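A closer look at the structure
Read off the chains here:
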2 protein chains.
Amino acid sequence: MLTHQAAEHIVDTYMRCLSEGDLEGIMALYADDATVEDPVGSGVLAGKAAIREFYGHTVAMDITAERTGAVRCAANEMVFPFLVHARTADMAITYEIIDHFVVDGEGRVVSMRAFWSEANIRH
Amino acid sequence: MLTHQAAEHIVDTYMRCLSEGDLEGIMALYADDATVEDPVGSGVLAGKAAIREFYGHTVAMDITAERTGAVRCAANEMVFPFLVHARTADMAITYEIIDHFVVDGEGRVVSMRAFWSEANIRH
């Protein structure tokens, strides 16, 4: 059973690794057979090679991730609201996201689904 | 395809009906073959009779539901953070919740999953 403290630690590690561009730190959170769907409806990436490629693009950007509310953890699942602030040379964009993680018995993420759409982007 | 406006309308109707104790308004949001899991991990209620019984207990309480962040809608799914303030004669309790709704082609909820645990209850 996933404890609230363990869930919060996973989420806050994820926020920190996204903000620091720590690709290895992000990958360490995932199980080998994990899947990622970001955003929901865009197709599912399966396995660490595909997930590494996805986050490689993410950490190449100048972003900061900021949790904006409590982690809600139930059974072996958790959801949490957060913002991603992305900066380019000429603009700043903020994404309002809620992620859904399912973890295995060892506390590694086996499924990540990110909920957001164009309506959640602020310029 | 579910629009952000349609998703927000469903969520805000749900918040209002919970706060007003409007059982019929809540039931009108659900498809006949809907399922409800509240909290996640507690077992799945299937069909409107079971869902009506569940919300019958909910609306019998003195509660107010308050959305605390943007609805994140993607494909035919949505998630949103909210608080439920519950009052009894001698205490006030606040639950921090994130709900996950899946809707059908007619915009009716076919799956509701509520994410929260004891760690999300404030006395």
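Worth saying up front: this structure is predicted, and the values here are computed from it rather than measured.

1. Some details on the overall build of chain A
The number of helices and strands found in chain A is three helices and eight strands. Counted from the first residue to the last, chain A has its helices and strands arranged as α-α-β-β-α-β-β-β-β-β-β. The C-alpha radius of gyration computed for chain A amounts to 14 Å, which stays within 12% of the reference 14 Å derived for 123 residues, consistent with globular compactness. On the principal axes, the C-alpha backbone points of chain A span a range of 45 × 30 × 25 Å. In chain A, which comprises 123 residues, the proportion classed as buried is 50%. Considering only contacts within chain A whose residues lie at least 6 apart along the sequence, 47% involve residues at least 24 apart.

2. Notes on the UniProt feature "domain: SnoaL-like" (unreviewed entry) in chain A
In the numbering used here, UniProt assigns the "domain: SnoaL-like" (unreviewed entry) feature to residues 11-111 of chain A. What you have in residues 11-111 of chain A is 28% helix and 45% strand, and the ends, taken at the C-alpha atoms, are 14 Å apart.

3. Focus on the interface of chain A and chain B
Taken together, the contacts link 24 residues of chain A with 24 residues of chain B. For the pair chain A and chain B, the summed buried area comes to about 1800 Å², and 63% of that belongs to carbon and sulfur atoms. The interface formed by chain A and chain B includes two salt bridges. Among the salt bridges present, the one from B:Arg113 reaches A:Glu77, with a minimum N-O distance of 2.8 Å. Here chain A is connected to chain B by six residue pairs in polar contact (both at pLDDT 80 or more). Broken down by secondary-structure element, the contributors of at least two residues to the side of chain A that touches chain B are strand 4 (72-74), strand 5 (77-87), strand 6 (92-103) and strand 7 (109-115) of chain A. Top contributing element to the side of chain A that touches chain B by residue count: strand 5 of chain A, with five residues. For the side of chain A that touches chain B, the residue count by class is 15 nonpolar, five polar and four charged.

4. Comments concerning helix 3 (residues 48-59) of chain B
Residue and element names in this part refer to chain B. Here helix 3 is 12 residues long and its end C-alpha atoms lie 16 Å apart, about the 16 Å a rise of 1.5 Å per residue gives. When helix 3 is considered as a whole, its buried residues turn out to be Ile51, Tyr55, Thr58 and Val59. Angular distribution of buried residues about the axis of helix 3 spans 80 degrees; they occupy a single face of the element. Of the residues in helix 3, the exposed ones pointing more than 90 degrees away from the buried face are Ala49, Glu53 and His57. Here the buried face of helix 3 lies against helix 1 (4-20), helix 2 (23-28), strand 1 (30-37), strand 2 (45-46), strand 3 (62-67) and strand 7 (109-115).

5. Notes on the layout of surface pockets
Residue and element names in this part refer to chain A. Reported here for the largest pocket is a volume of approximately 310 Å³. Among the secondary structure elements, those contributing two or more residues to the lining of the largest pocket are helix 1 (4-20), helix 3 (48-59), strand 5, strand 6 and strand 7. Here the residues of the lining of the largest pocket are counted per class, giving 15 nonpolar, one polar and two charged. Space inside the second largest pocket adds up to approximately 270 Å³.

6. Observations regarding the nonpolar core
It is characteristic of soluble globular proteins that their nonpolar side chains tend to be buried jointly. B:Tyr14, B:Tyr30, B:Tyr55, B:Met78 and B:Met112 are the most contacted members of the largest nonpolar core, which has 36 residues in total. Counting only elements with at least two residues in this core, the list comes to helix 1, helix 2, strand 1, helix 3, strand 3, strand 5 (77-87), strand 6 (92-103) and strand 7 of chain B. The residues contacting B:Met78, other than those within four sequence positions of it, are B:Leu2, B:Ala7, B:Ile10, B:Val11, B:Val71, B:Arg72, B:Cys73, B:Asp99, B:His100, B:Phe101 and B:Val103. Ranked by size, the runner-up nonpolar core spans 35 residues in total, among them A:Ile26, A:Leu29, A:Val36 and A:Phe80.

7. Notes on the relation of the copies chain A and chain B
When chain A is fitted onto chain B, the two copies agree to an RMSD of 0.0 Å after a turn of 180 degrees and an axial shift of 0.0 Å. Taken together, the turn and the small shift mark the pair as related by a two-fold rotation axis. Nearest to the rotation axis, the C-alpha of A:Pro81 is located 3.7 Å from it, this being the minimum over chain A. A share of 100% of the interface residues of chain A reappears at the interface of chain B, consistent with the copies meeting face to face through the same patch.

8. Digging into the pattern of salt bridges
Summed over all chains, the structure comprises 22 salt bridges over all chains. The salt bridge involving B:Arg16 is made with B:Glu20; its shortest N-O contact spans 3.4 Å. Here B:Glu20 and B:Arg16 lie together in helix 1, a separation of four residues that amounts to about one turn. Where salt bridges share partners, they join A:Glu8, A:Asp12 and A:Arg67 into one cluster.

Cut-off values and rules
Residues numbered from 1 in each chain as written. Chains lettered and ligands numbered in written order. Predicted model: local features only at pLDDT ≥ 70, side-chain atom pairs only at ≥ 80, totals over all residues. Heavy atoms only, no water. Helix = DSSP H or I, 4+ residues; strand = E, 2+ residues; numbered from the N terminus. Rg over C-alpha atoms; globule rule 2.2 N^0.38 Å. Buried < 20%, exposed > 50% of the residue type's maximum accessible area, 1.4 Å probe, protein only. Contact = heavy atoms within 4.5 Å. UniProt positions renumbered as here; feature names shortened; annotations may be inferred. Buried area = accessible area lost by both parts, 1.4 Å probe. Salt bridge = Lys/Arg side-chain N within 4 Å of Asp/Glu carboxyl O. Polar contact = N/O pair within 3.5 Å; in protein donor to acceptor, adjacent residues only side chain to side chain. Nonpolar A, V, L, I, M, F, W, Y, C, P; charged D, E, K, R; others polar. Expected span 1.5 Å × (residues − 1). Arc of directions from axis to C-beta. 1 Å grid on protein atoms, 1.4 Å probe; cavity = no way out; pocket = protein on both sides within 12 Å on 5 of 7 lines; lining within 4 Å. Points joined across faces, edges and corners; volume = space filled by probe spheres on them. Core = buried A, V, L, I, M, F, W, Y, C linked by side-chain atoms within 4.5 Å. Least-squares fit on C-alpha atoms with pLDDT ≥ 70 in both.

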